[in-house]
Amino acid sequence: MGCFRKLLKYGLLCTIFGMMGSSVVSPSDAQELKTINFMGTNEKSCGNYPQFILQEFGFLEKEGYQVNLLATDTTVPYVAFLANGDADLAMLDSGQVLQAVSTGQAIKVVYEAQQFGPEGVYAPADGPVQSLADLRGKIVGLPSDRDLIIATIALESAGVGIDEVETVVVGDSGPVLVKSLQDGTVHAVIAAPVDRAIIETSGVALRDLTPPEVSYVPGNSLAVWEPTLEEKRPLILAFLRSWAKGQRAGVLDSKAVMSACKKRAPEQWERPGNGERVLNNSIYTTSLSRTMKMGEPQPDVWARIQAPYVRLKEIDKEIDTATFLEPSFIAEVNDFTTDDVKAGINKFREANADILIP
């Protein structure tokens, strides 16, 4: 009779083992989670913290899915992973999107994950370069050849042609960037947030020379393969909504987010101050939503940024944004409440009280 009353009151099933104790099985535990294959910019970095938070805070599990973070250390274009089906979603920067569409690749941008360009132009704070104009006749270090367009756009905003400076590819290793600045091999560098954090925590104070033309762009967007979009719509929606919740969690409880990221990527926290710098930059700058609805594609911005790509022959001609922007997910992606996000935060805090950053 006691078990029957419990059944009525709590909706729990009693078994003959009820006297020995019982456990509650959540819906996600009762069925096997389906897997989403995701290609980010760096599967080991807190720079895109929602990729960890959607797991640690249970947002994706609640949707009935789990994520497989694909290894990003590859020379294969990310678009190829979408085309061959290895990735369900991939994170592409604006240049990769425009170049893919320009060459006829059937991709759709479904969510602007970063509405602020992550890369910037930096020079030693105590050096002779105090403005972009001061870079005439100087050497600019690039992480890769792909960053030449960032340098070009930045310099042109100050009336400096790319042919008026010398560019050299120094790689994207933080320690190498530090050394190249310290020994004067380069006078400024193009650096991502992770590399900037390494440079600054190594004792090199930086002067930020980044102009709005470089920053106010879709830094990284989530893209899918159009031919499989409708087939994968439930999967895509589940991932995007979980990502949006993770993004919102950063603003609501940055300490919990830092704790989760440190748990997932402890190597980014080995250098004092590095992890905090990366997370704060992502939460409050690159990943901070700048549209009314989170992730909402911005056709006007995409149209504005294309001219330099045409001029530098990165794309043949300007592209109609309607051919590659897919806003149909945004309303449902944003269909959650602050309480939904806080529930995930509280769940993580209770389960990880021993590792919480105070």
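The structure we're discussing is the one just above.
## With respect to the environment of Arg-277
Structurally, Arg-277 can be placed in helix α13 (residues 274-286). Residue Arg-277 is classed as partly exposed on the basis of its relative accessible area, which comes to 39%. A C-alpha to C-alpha distance of 28 Å links Arg-277 and Asn-37, two positions 240 residues apart in sequence. Among all residues touching Arg-277, those that are not within four sequence positions of it are Ala-197, Glu-200 and Thr-201.

## Remarks on the nonpolar core
Within the largest apolar cluster, 49 residues are counted, with the highest numbers of intra-cluster contacts made by Phe-57, Tyr-111, Leu-222, Phe-239 and Leu-240. When residues in this core are grouped by element, the largest group, nine residues, is from helix α11 (residues 233-252). When neighbours within four sequence positions are excluded, Phe-239 is seen to be in contact with Ile-36, Phe-38, Leu-54, Leu-60, Val-67, Leu-89 and Leu-222. Within the second largest apolar cluster, 45 residues are counted, among which are Val-129, Ala-151, Leu-155 and Val-217.

## Things to note about the packing of helix α8 (residues 174-182) against helix α9 (residues 193-201)
As a packed pair, α8 and α9 sit with axes 9 Å apart at the nearest point and diverge in direction by 55°. The orientation of α8 with respect to α9, classified from their angle, is oblique. Viewed along their axes, α8 and α9 form a crossing whose handedness is right-handed. Here α8 contributes Gly-174, Pro-175, Leu-177, Val-178 and Leu-181 to the contact with α9, which in turn contributes Asp-195, Ile-198 and Ile-199. Residue composition of the contact of α8 with α9, by class: six nonpolar, one polar and one charged.

## Observations regarding α9
Buried residues of α9: Asp-195, Ala-197, Ile-198 and Ile-199, and no others. As for α9, its buried residues are in contact with α8, β8 (188-191), β9 (206-208) and α13.

## Quick look at the pattern of salt bridges
All chains considered together, the criterion is met by 13 salt bridges. Where Glu-56 meets Lys-263, a salt bridge forms, and the shortest distance between an N and an O atom there is 3.0 Å. In this pair, Glu-56 sits in helix α3 (residues 50-56) while Lys-263 sits in helix α12 (residues 254-264), placing the two residues 207 residues apart along the sequence. Under the relative-accessibility criterion, Glu-56 is labelled buried at 15%. Ionic pairing is found between Asp-93 and Arg-146, a salt bridge with its closest N-O pair at 2.9 Å. Here Arg-146 lies in the loop between β6 (139-142) and α7 (148-156) and Asp-93 lies in strand β3 (residues 89-93), a separation of 53 residues in the sequence.

## Regarding the packing of aromatic side chains
By the definition in use, this model includes seven aromatic pairs. Here the aromatic rings of Trp-302 and Phe-324 are separated by 5.4 Å at their centres, their planes lie at 75°, and the arrangement is edge-to-face. Separated by 22 residues along the polypeptide, Trp-302 in helix α14 (residues 299-304) and Phe-324 in the loop between α15 (306-311) and α16 (330-333) bring together distant segments of the chain. Classification of Trp-302 as buried rests on a relative accessible area of 0%. Classification of Phe-324 by relative accessible area gives buried; the value is 0%. Aromatic rings pair up to connect Phe-38, Phe-239 and Trp-243 into one cluster. Its end group placed over the ring of Phe-329, Arg-233 keeps NZ or CZ at 4.3 Å from the ring centre.

Reading the values: rules and limits
- Residues numbered from 1 in each chain as written.
- Predicted model: local features only at pLDDT ≥ 70, side-chain atom pairs only at ≥ 80, totals over all residues.
- Heavy atoms only, no water.
- Helix = DSSP H or I, 4+ residues; strand = E, 2+ residues; numbered from the N terminus.
- Buried < 20%, exposed > 50% of the residue type's maximum accessible area, 1.4 Å probe, protein only.
- Contact = heavy atoms within 4.5 Å.
- Core = buried A, V, L, I, M, F, W, Y, C linked by side-chain atoms within 4.5 Å.
- Axes fitted to C-alpha atoms, helices over the stretch in contact; angles between N-to-C directions.
- Parallel < 35°, antiparallel > 145°, perpendicular 65-115°, else oblique.
- Left-handed = near helix turned anticlockwise from the far one by under 90°.
- Nonpolar A, V, L, I, M, F, W, Y, C, P; charged D, E, K, R; others polar.
- Salt bridge = Lys/Arg side-chain N within 4 Å of Asp/Glu carboxyl O.
- Phe/Tyr/Trp six-rings, centres within 6.5 Å; stacked < 30°, edge-to-face > 60°.
- Lys NZ or Arg CZ within 6 Å of the ring centre and 35° of its normal.

Any link to function would need more than the numbers given here.
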